[in-house]
Amino acid sequence: MTGSFAQDRLVDFAERVASANVVFFVGAGFSRDSEGNTGERLVRRLAARVLGLCDALAAELKATGPKAAEVQRLRDTFKALHASGIDETKPEFVWELSRNYYPFNDWCVSALADLADMLCDLHHALAATPAAITALIARVETCEAHWLATIGSGPPAKPPARPGMRRPTPRLARSKPMSPDPAKLKAICLATLKDIRTKFSDKTILGKILFLEAMGFDCQEVMAGDLTGDRRTVLRSFRGRLRRRHHVLARLAREGLSPVLLTTNFDLLIEGAYRLAGFSDWASGAAPSPAPGPSVEPPTRHPFLARITAAPEFFEKRDGGRVASIVKIHGCTDAFRAARGAALTVDWRPLLRTIVFTYREVQNWRQDSWSRDLVYTLLRTRAVAFCGYSTADPVLHDTVRNTYEDMAQRTPTPATAGSRCENAPAFFFGPRHSKEFHGLEVLRAASRAIGVGHPELTGHPNYLHFRFAGEPDVADLDESFAWIFHAVFRRRQIQAVEAELGSVASLLLGHPVPGRLLDKVSRDLQALWKREQRAARRWGSATGDRVAFAHTVAWTEHFHPALLRDMAIAQRTAILGRPTPRLDDLRDGYWYYPANENFGWTAWGAVVELALRRLTAHLAGQPSRWTTASLPAGGGPPLLSPLTNDDMPAVGVTRGAGHPLPVRLELSLGRFHRPGTRPTAHALPAATVRWESGTRTLPWSSAPIQGPAAATLWTLATGMVGTAPPTSHRQWIDSLRNPT
């Protein structure tokens, strides 16, 4: 039976990712369900600012004089921007504006520039009466709050019946009343605006500042995140908005597989995940100064994150390939926040040019040679995966299509090329129940670029479907990315076993390891991965499919990263000669030690997993079930399940029908934590069994403290125990069967 989970296409995509041949191009849809910044929400905030300022200034100017007339003209022009007959309270009003937001943004920046200029004049006129200035600011806030609560909140408009039709058909059936915005507009600082106008003599700067503040650039409730504090502060600042997909991108970057990521997003979610994964933010053109003494954090090959929004940053933030770059081709909210904190010492003109929001700014992007040429180069040399980005932006869509069409002219004819659509250098993540027209056009153009003559018009193998959260089928966007990472990590493990297992096993066992056993571990690991893929092909909406998915990816999403993290921290503790609080802080489940950083550890981690699987199967009296120990069987729980909400490398082991609660088995590198403390376990089943080893040797070495020796794990992993485990292994089975 075949399910609806397109695992084969995701695995094929993961193979491209694992070869470091994919560049992710991330758009607003990637974080819409977590950040909540839909086009409708942002348009409503912008409209509330324009209308609020118009109302406040009209009341202040007493509807007399040329300035009052100018305000009224702005108000009348605003009405003309949207379809006639729809007032601001209708959801159709917001939806209409969001459909064609570039011209609306253009006009709003100009309108806000004029309104800001009037505000500054009023501030100057009222300078002698501070109470009047306070009253003016309060009036603006009141008017803006009124419109923010009113716009789009009413019932949909009732369209008139058309002649010859049985019933009226709603022009915009998808329109629904908008829920209240949880974040109010930030209060306007008149004194700062006046000082900026005096210094720069350019009211357009004021309009863009008010525009970006309305968009929430300086508001944590709208665009969350603060990257300046310690790890725990950073995590709290994102208010639970980071998703699995963000962390997967961060882990791929830590592995060196995604050294460059492109995004049109202004928010900080991606770099927040990068920061939690272990990257240090490269805030200037030079590498961060090292702290006195040895570094506490375990070193990795790719320690720095460079957020690039302008040409100087692109050329300066280099460090021999050790930098992972997030290229924000439309700008970054963090740059605006830093500028607002030092408003009078910042050169606003070049900064505001990097934040692209209006139609004119998008058109001028083509003249920004560094980002344009970078996009051209990546399209020609890498496969580009469009995630949450519809490619409907006319300028970028045209750029992508032109590049692929130029490549097609230099490609052999279809008769000699021998290419297929699935080899196209582009992928598109889209919802299953709809087809993104622009995305399909990009995929067809990418297919022609490699010599495919007539790509299918209505479908493409590189259109990677996902479900929306809440649908019964596996997999939504987060699950799709979790499976991609699972496939990449399994590939890493297989490579590590083939390359390094002989060395690390010989070191731990104290003698050379026969090649036949090394081959057996490699074959068993590959057999396990193939078994997981066969199971995945049957996943759909059946009861238990999502549970089976979760138990499968938990090995690479939680257990192995936790195991590698503990190995790295233990080694760092041994080098420093002492445990430190900063090392404890890394055990939050997000800090990621790359699998390719130490292939010997990665290979031995695979041995540990195989040993746990076989040991658990023996415990249950089903030794042949070792490949399916993590999958539910017959409606019951799996025999073995990595714990997903635990900071430690830990698994739940089911002891049998008479013991409904599993035993928590923790693989602990004892003594590296601070004296008197232990890492907190967030998931404690009926009882806990802890396997410990020392910090100055590789984990589970030949001299364990309270855990099985390396030879025991090796014997279990290679399947040499048969159906009756020898006495030397029974104590570990008994420790799980009868935990103390």
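Higher on the page you've got the structure.
Calculation notes
- Residues numbered from 1 in each chain as written.
- Predicted model: local features only at pLDDT ≥ 70, side-chain atom pairs only at ≥ 80, totals over all residues.
- Heavy atoms only, no water.
- Helix = DSSP H or I, 4+ residues; strand = E, 2+ residues; numbered from the N terminus.
- Buried < 20%, exposed > 50% of the residue type's maximum accessible area, 1.4 Å probe, protein only.
- Contact = heavy atoms within 4.5 Å.
- Areas by Shrake-Rupley, 256 points an atom, 1.4 Å probe, with all protein chains shown as cover.
- Salt bridge = Lys/Arg side-chain N within 4 Å of Asp/Glu carboxyl O.
- Pairing = 2+ DSSP bridges.
- Axes fitted to C-alpha atoms, helices over the stretch in contact; angles between N-to-C directions.
- Polar contact = N/O pair within 3.5 Å; in protein donor to acceptor, adjacent residues only side chain to side chain.
- Core = buried A, V, L, I, M, F, W, Y, C linked by side-chain atoms within 4.5 Å.
- Phe/Tyr/Trp six-rings, centres within 6.5 Å; stacked < 30°, edge-to-face > 60°.
- Lys NZ or Arg CZ within 6 Å of the ring centre and 35° of its normal.

Looking at the overall build of the protein
1) Next: The helix and strand tally for the protein stands at 27 helices and 12 strands.
2) Next: Counting every position in the protein, which comprises 740 residues, the buried fraction comes to 56%.
3) Next: Here the contacts in the protein between residues at least 6 apart in sequence split such that 75% fall between residues at least 24 apart.
4) Next: Surface summary for the protein: the accessible area is close to 30500 Å², and the carbon and sulfur share equals 54%.

Some remarks on the pattern of salt bridges
1) Next: Considering all chains together, one arrives at 45 salt bridges under this definition.
2) Next: When the shortest N-O distance is used, the salt bridge between Glu-213 and Arg-49 registers 3.7 Å. In this pair, Glu-213 is assigned in helix H9 (residues 203–215) and Arg-49 in helix H3 (residues 39–60), connecting sequence segments 164 residues apart.
3) Next: Here the salt bridges share partners, and the residues they tie into one network are Glu-271, Asp-281, Arg-307, Lys-328 and Asp-334.

A few points about the sheet that holds strand E1 (residues 22–26)
Backbone-to-backbone hydrogen bonds join strands into a sheet, with any given pair of strands oriented parallel or antiparallel.
1) Next: Spatial strand order, E3-E4-E5-E2-E1-E6-E7-E8: 8 strands in an open sheet with parallel pairing. Only two strands of the sheet have a single neighbouring strand rather than two, namely strand E3 (280–282) and strand E8 (463–466). Taking each pair of neighbouring strands and ignoring which way they run, the sheet shows an average axis angle of 25°.
2) Next: Pairing geometry for strand E2 (residues 260–263) and strand E5 (residues 323–328), over 4 bridges, is parallel. Each residue of the ladder has a partner; that of Leu-262, found in E5, is Val-327.
3) Next: Strands E1, strand E6 (383–387), strand E7 (426–431) and E8 of the sheet are contacted by helix H1 (residues 7–18), whose axis makes an angle of about 110° with E1.

Observations concerning the pairing of E1
1) Next: Most of E1 is tucked away: 5 of the 5 residues are buried.
2) Next: Of the two faces of E1, the one holding Val-22, Phe-24 and Val-26 and the one holding Val-23 and Phe-25 are both buried throughout.
3) Next: The pairing of E1 with E6 spans 5 bridges and is parallel. Across the sheet, residue Phe-25 finds its bridge partner in E6, namely Phe-386.
4) Next: As judged from the 3 bridges shared by E1 and E2, these two strands associate in the parallel manner. The residue of E2 that forms the bridge with Phe-24 is Leu-261.

As for the pairing of E5
1) Next: Of all 6 residues in E5, 6 are buried, a share of seventy percent or more.
2) Next: Side-chain alternation along E5 places Val-323, Ser-325 and Val-327 on one buried face and Ala-324, Ile-326 and Lys-328 on a second face that is also buried.
3) Next: Pairing geometry for strand E4 (residues 304–308) and E5, over 5 bridges, is parallel. Bridge pairing links Leu-305 to Ala-324 in E5.

What about the side chain of Arg-613?
1) Next: In this structure, Arg-613 sits in helix H25 (residues 599–619).
2) Next: At a separation of 3.4 Å, a polar atom in the side chain of Arg-613 contacts the main-chain carbonyl oxygen of Thr-627.
3) Next: Discounting residues that sit within four places of it in the chain, Arg-613 has contacts with Arg-490, Leu-528, Glu-532, Trp-555, Trp-626, Thr-627, Ala-629, Ser-630 and Leu-640.

Brief notes about the environment of Asp-473
1) Next: Take Asp-473: it is sitting in the loop between E8 and helix H21 (477–509).
2) Next: In this structure the C-alpha to C-alpha distance between Asp-473 and Ala-542, which are 69 residues apart in sequence, comes to 7.7 Å.
3) Next: Those residues in contact with Asp-473 that lie beyond four places of it in its chain are Ser-4, Arg-467, Gly-540, Ser-541 and Arg-546.
4) Next: Separated by 3.4 Å, the side chains of Asp-473 and Ser-541 make a polar contact.

Considering helix H26 (residues 710–717)
1) Next: Among the 8 residues that make up H26, 7 are buried, leaving the element largely enclosed by the rest of the structure.
2) Next: Turning to H26, its buried residues number three or more, namely Ala-710, Thr-712, Leu-713, Trp-714, Thr-715, Leu-716 and Ala-717.
3) Next: Gly-719 lies just past H26 and shows a positive phi near 75°.

A short note on the nonpolar core
1) Next: With 111 residues, the main nonpolar core has Phe-24 and Tyr-274 as its most contacted residues.
2) Next: If one sorts the elements of this core by residue count, H21 sits on top with 17 residues.
3) Next: Dropping the residues within four chain positions of it, Phe-24 is found in contact with Phe-13, Val-17, Leu-249, Leu-252, Ser-258, Val-260, Leu-261, Leu-262, Ala-385, Cys-387 and Phe-481.
4) Next: Grouped together as the second largest cluster of nonpolar side chains are 70 residues, Leu-112, Cys-120, Val-140 and Ile-205 included.

Looking at the environment of Arg-448
1) Next: Topologically, Arg-448 is positioned in helix H20 (residues 437–449).
2) Next: Distance from Arg-448 to Arg-420, taken between C-alpha atoms, is 9.6 Å for residues 28 residues apart in sequence.
3) Next: If we skip the residues at most four places from it in the chain, Arg-448 touches Arg-401, Ala-408, Gly-453 and Pro-455.

Regarding the environment of Ala-149
1) Next: Along the chain, the position of Ala-149 falls in helix H7 (residues 130–150).
2) Next: With 104 residues separating them along the chain, Ala-149 and Arg-45 place their C-alpha atoms 9.7 Å apart.

A few points about helix H11 (residues 244–254)
1) Next: The element H11 is extensively covered by neighbouring structure, given that 10 of its 11 residues are classed as buried.
2) Next: One or two steps after H11, the chain reaches Gly-256, where phi turns positive at roughly 80°.

Some details on the packing of aromatic side chains
1) Next: With the rule as written, the count across this model stands at 35 aromatic pairs.
2) Next: With a centroid separation of 6.1 Å and 85° between ring planes, the pair formed by Phe-5 and Phe-549 is classed as edge-to-face. Pair noted here: Phe-5 is in the segment before H1 and Phe-549 is in helix H23 (residues 545–576), with a separation of 544 residues, a long-range link.
3) Next: Here the aromatic rings of Trp-483 and Trp-529 are separated by 5.9 Å at their centres, their planes lie at 40°, and the arrangement is tilted. Residue Trp-483 is found in helix H21, and its partner Trp-529 is found in helix H22 (residues 515–536); the two are separated by 46 residues along the sequence.
4) Next: Residue classification places Trp-483 among the buried positions, given a relative accessible area of 0%.
5) Next: Overall, the relative accessible area of 9% leaves Trp-529 in the buried class.
6) Next: Clustering of aromatic rings is evident, with ring pairs tying together Phe-13, Phe-24, Phe-30, Phe-427, Phe-429 and Phe-481.
7) Next: One cation-aromatic arrangement involves Arg-245 over Phe-30; the distance from NZ or CZ to the ring centre is 5.8 Å.

Read these as geometric descriptors, not functional statements.
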